[in-house]
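# Observations on chain architecture
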Amino acid sequence: MPVSLLWAVDVYGRVYSLSTAGQQWEQCRDAHLEFKRVASAQQCCWGIACDNSIYLNVHASDLPVRYQEETYENQRWNPVDGFSERLLPSDRWQWSDVTGLQHQPLDSFQLPSSSWEWEADWYVDENFEGEPTEKGGWNYAIDFPATYTKDKKWNSCVRRRRWLRYRRYKAMDTWAKIPSQQTTLPDPFSDITCGGWEINEEPRGRLSLWAVSLQGKVWFREGIYHHNPEGTFWEEVPLPGEVVQISCGPGDLVWAVLWEGQLIVREGISRDCPKGTSWALVESPSPDVGAIHVAVGDSVVWAVTKDNKVWFRRGVNSHNPCGSGWISMVGEMIMINVGLNDQVWAISCEDRAVYFRQGVTSSELSGKTWKAISVPRDGDRSHSSASANSLQSAGCFFCGEVRAQSSVSDLESDGEKGPADGPGCVVASASPQSFADAPADGSSDPPAEAPKARIPKVTSDSFISELVSDREPGKASRAAGSAAPAVLEEESLAGEGELSVPSAAAALSPSQSGGPLDPQWSNVDLEEAQSQQAQAGTVLDSVDTCSLSSVATYTLAMEDPYGADERPLWAWVSGGGCSVDSHSQLNWFNSSLNASSLVQSVQSMSLSVTPAQTAAWRKQIFEQLSERSKREMDNFRHYEQAIEQSVWVKKGTMQWWRDWKPHKWIDVHFAFEQFSGPEGNKDGILFIYYNHYEEKKYLHAFINEVTILVPVLNDSKHTFAIYTPERTKQRWPIRVAAATELEMHDWLALLSVSCCDSRGIQGPPSKQAIWSVTCRGDIFVSEPSPALEATPYPTPCDQMFWRQVGGHLRMVECNSVGVVWGIGYDHTAWVNTGGYGGGFIQGLASSTDNIYTQTDVKSVYIYENQRWNPVTGYTNRGLPTDRFMWSDASGLHECTKTNTKPPSPQWTWVSDWAVDYSVSGGTDREGWQYAADFPASYHGYKTMKDFVRRRRWARKCKLSTTGPWQEVPPIPLSDVTILPCTAQSGVDVVPLWAISNKGDVLCRLGVTALTPAGSSWLHVGTDQPFKSISIGAASQVWAIARDGSAFYRGSVSPQSPAGDCWYHIPSPAKQKLKQVSVGRTSVYTVDENGNLWYRQGVTPSYPQGSSWEHISNNVRKVSLGPLDQVWIIADKVQGSHSLSCGTVCHRLGVQPMEPKGQSWDYGIGGGWDHITVRGNSVEPPRIRLPSLTDPSPRSPLPARSSEANGNAVGC
């Protein structure tokens, strides 16, 4: 999960942030003002300073905040001057906006505030709808307004060109005051909240900002989105009364608190009306005590009443924003805040500490218990005194010889009984004045004078014995006063005011020690050590360390100038941008310590065992074990082996999709027999027993012939397919279904391990591996044989063995250095950690480290179709020949809101059905697209000839799994490419390019084999959004824009990783490209109609090439390797039963002198969606062709079906 921030303000107005991966509050050093409240989102934080002004802190990102200003220069032609600035009186302005209604000269554009700066001067846009224009950038038309073209015609009487200028937001990671563009300013603000980013994804980064003034008025900030983070102006919202506080969630929930104690809920919030339409009144949770604070999230509402009681509102959702009733919760708080994933933070009214609500999940929104966030601030020093000094004290042994504690069991037993002995046992000695006599009840009155540390001179063990015998193990320290508030439900927290450590475990806590310590151990005269410590202002404290040694120890504690009782007093907390969930591993609660870390701390303090001694000890034990093993094996070597072969059988009941018509699911018995040979080699056979006309029959497959085990996309059954080379040719695998998901995963794990054992494959994928992804999101790898690209007899594709890797992705890209990146369906970027296994693959078949939790979110779409009739207009009553009124995109299958299920049982719904406005071709305000008939070309506006319309509904579902993948925050991506390296190349920094889900081109810096995730993003400027990118040898970067045009990036090199400019490459005639792949010398593209094109004439001196040549059709994706290998995902491949969509195909005959190849070899399929061979840099072996004089020349391989160029993967 990406790192995010929790924001808080203390009672002195200082702003702090706490990272989800950090362990201390970081103060905002640039905040020159004192703040009252803050409201955070993932990309920024808003705040109200003590001058009652609004300030904004935008988090720095690799993707800059840029805004494009544009204006149009208009000219008209006249017979005297030609095209000139002299326009007709009825014409538009000479400088105007795109509509021509607003006057916009170049000098009229001003920066909105001092937080912006111009990137460069004005320049002419010389692109028109993706095509380059003539020099000057003019577009021509008959008149204003009309349809413009880039070509000048005989009747072109007017022309215009667009001028562009970019401004950049520069006030990153600093507090910038929000300017006001109004003459009459709103009265000073007292409360602020932000949210609403889930209402609408367009424009990107849109936020709803609400504020409350001192007069009780509510204001809404208009125009906040990514390119304009400050917004434009404030608009007052009518109210039924005076408001004191307001809260806005990520979605459409907005609640506010009135002066009288009631609450009001904003209704009518939608995509087109983010401010809402009206208010609804909700009574206070308690009839006698009014509310003072409210906090809302996605589907929860929390409130605090004037008696500091906490309440939870049940039944809240988008359809019922008012909820149904209040539930009283345990705890007393002064304020409460709800963040992402409905997680809850609050500030206690007793100790002013920040508390986190544990156990909040989608099924239990109210959570389980409050837990204090007990981490220090970056300016504190008191947090390390207890544990650090206890670590130092462990070395001050009063004895002549230092000996290490050898028994760990003593340590564990003492660690367990430590809390029972009280917070700390004080040595009963009158000689050193114990600091435990000082008051420690949490009061702020400091002692008048710190007691002076006095350590007696001890040179014998008699004094130690006297100390140990006089110690009272049951005596508790008087410093056990606890400051924990009475808000605990299931666990208690350690007191903040304790002077002595609560137990040995707490005394040795490495998380509180502020880092590893290297204490200066000494067993000499302690008066000398005391004189050195006294110069640093030390005081003496006594700690029970019986678990560390048999002798007494003393703590030489550094005096804390802030006082041991000082802790932060918080006034406000905001978690709107803090992304945590029930599975997040947070380091905010450092009061607990497990036994393993305790043992590790004690071992780190061992004095007598040095690293050299430890190494020698390990070596000695290893030699003894080796000698013993050899001795026992030699004694029994003359005996015969008792078992030459072992057989292991697993049986179960499954369902099988039978091979003959009518195809249907039938119940079968499924059995797997695995046998092991005398040398440890394993193999096995699969059996499927079924009945045919009351006759028992069986189907079998040898495990060493199985090429892949694939989970199949099915919305009702837990299905997987078993492929062999013969069934791959037929496009008809063995399909079986298990009764439960767990049973399917057990069989898949068993069979996968057996297949790998029979082929001797184990461990992580190699750097040369070929990666592929199914349309279900499952990831597979295949280890290529050296003969895979051999000529003229390559290894057939259907004999390649594929094994599954844990995780869920939409695409994967790799190279031969071992850098592997992936992108999920939710556009999250992931980098491979080098592990293997994950998902259903557990045990020895999966690595124990480098396996992380991975989530993915995708949308399921259905279409609502309507036909127009003259009486009622558009209705859901269609013609008998029409498609279903609720259908999929093709209209052939009925898909309603109720019967549409997630893609498979592994997915769960996480949202309700909502109209999708981001449809290709655009929509109207209600999401409809219009056309003349079904099916046709749809557009987002109604004309007189449109008799049908449709709109798309979307619903999100979520999948959680594990795999060797780690997230690369924070920018969501749609495409990624990595430089394909040859086996001989020594590349230190690997070039990696990507495209964000908004179409921005990015270059990743710092990517190496050791740090595959890189360090930061470099933004590469473009004039339009892109959708595909690929980098080949010699840093050739090709890209495809969203309008289907191709571009080449010039001057890309290790010294200039981003290049300097884009060169437009004309697309094939009447085709729009969608994907590109670049190899060593070849460039291939795929257009939207499934045609595969090869770029001719690409040379080092002319890398743009000369023309496009058509290679094949029915192609979905293409991937070029570092040796110009060509692999594709093909559609409509003919099998023995039906057409197969999504099949892996390999181009045969690709050679340096013939880069286009000759024919196709069909591999695994269908159901595949992506493949990458950019890591396979193994040079094929040289095969000597048989002599022509050989009387009986034979091919080493059987003849294979392949088709000629031009229709290689034809219907």
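Refer to the structure presented above.
Every value quoted in this text rests on a predicted model; they were computed, and no experiment measured them.

One pass over the full model with this rule turns up 7 cavities of 30 Å³ or more. Computed from the structure, the largest cavity encloses a volume of approximately 190 Å³. Surrounding the largest cavity, 26 residues form its lining, T193, S247, C248, N337 and S574 being those nearest its centre. No other element matches the 5 residues that strand 17 (residues 189-195) contributes to the lining of the largest cavity. Within the lining of the largest cavity, the residues separate by chemical class into 14 nonpolar, 11 polar and 1 charged.

Looking now at the pairing of strand 68 (residues 1115-1120). Of all 6 residues that make up strand 68, 5 are buried, and the element is covered over most of its length. Note that strand 68 and strand 69 (residues 1126-1130) share 5 bridges and pair antiparallel. Within strand 69, the position partnered with V1115 by the bridge is A1130.

Taken in spatial order, the 4 strands line up as 60-61-62-63 in an open sheet, and their pairing is antiparallel. Two strands lie at the open edges of the sheet, namely strand 60 (1026-1032) and strand 63 (1061-1065), each paired on one side alone. In this sheet, adjacent strand axes meet at a mean angle of 25° when their direction is disregarded. Of the strand pairs in this sheet, strand 61 (residues 1036-1041) and strand 62 (residues 1046-1050) are connected by 4 bridges, and their pairing is antiparallel. Across the sheet, residue V1037 finds its bridge partner in strand 62, namely R1049.

One broad rule of soluble globular proteins: the nonpolar side chains tend to lie buried together. Counting residues in hydrophobic clusters, the biggest one holds 36 residues, and the most contacted among them are W821, L973, W993, W1017, F1026 and W1062. Among the elements that make up this core, the one with the highest residue count is strand 57 (residues 992-996) (4 residues). In contact with F1026, other than residues within four places in its own chain, are I995, G999, V1001, A1039, I1040, A1041, R1042, F1047 and W1062.

A word on the pattern of salt bridges. Inspection of every chain in the model, using the stated rule, returns 28 salt bridges. A salt bridge links E69 to R167, with the shortest nitrogen-to-oxygen separation between them at 3.0 Å. Here R167 lies in strand 15 (residues 158-169) and E69 lies in strand 7 (residues 66-78), a separation of 98 residues in the sequence. Among the salt bridges present, the one from R162 reaches D125, with a minimum N-O distance of 2.5 Å. Of this pair, R162 sits in strand 15 while D125 is found in the loop between strand 11 (123-124) and strand 12 (127-128), placing the two residues 37 residues apart along the sequence. Through salt bridges that share partners, R66, E119 and R168 make up one connected network.

Structurally, T908 can be placed in strand 51 (residues 908-909). A relative accessible area of 47% places T908 in the partly exposed class. Sequence separation of T908 and K958 is 50 residues, and the distance between their C-alpha atoms is 5.4 Å. Setting aside residues no more than four positions away along its own chain, T908 makes contact with K956, C957 and K958.

Here we take up the sheet that holds strand 17. Strand-to-strand pairing in sheets goes through backbone hydrogen bonds, with the strands running parallel or antiparallel. The sheet built from 4 strands is open, its strands ordered 17-18-19-20 with antiparallel pairing. Both outer strands of the open sheet, strand 17 and strand 20 (233-237), are each paired with one neighbouring strand and no more. For this sheet the average axis-to-axis angle between neighbouring strands, irrespective of direction, equals 30°. Both strand 19 (residues 218-222) and strand 20 contribute to a ladder of 5 bridges, which runs antiparallel. Along strand 20, the bridge assignment pairs R221 with W234.

Reading the values: rules and limits
Residues numbered from 1 in each chain as written. Predicted model: local features only at pLDDT ≥ 70, side-chain atom pairs only at ≥ 80, totals over all residues. Heavy atoms only, no water. 1 Å grid on protein atoms, 1.4 Å probe; cavity = no way out; pocket = protein on both sides within 12 Å on 5 of 7 lines; lining within 4 Å. Points joined across faces, edges and corners; volume = space filled by probe spheres on them. Helix = DSSP H or I, 4+ residues; strand = E, 2+ residues; numbered from the N terminus. Nonpolar A, V, L, I, M, F, W, Y, C, P; charged D, E, K, R; others polar. Buried < 20%, exposed > 50% of the residue type's maximum accessible area, 1.4 Å probe, protein only. Pairing = 2+ DSSP bridges. Axes fitted to C-alpha atoms, helices over the stretch in contact; angles between N-to-C directions. Core = buried A, V, L, I, M, F, W, Y, C linked by side-chain atoms within 4.5 Å. Contact = heavy atoms within 4.5 Å. Salt bridge = Lys/Arg side-chain N within 4 Å of Asp/Glu carboxyl O.

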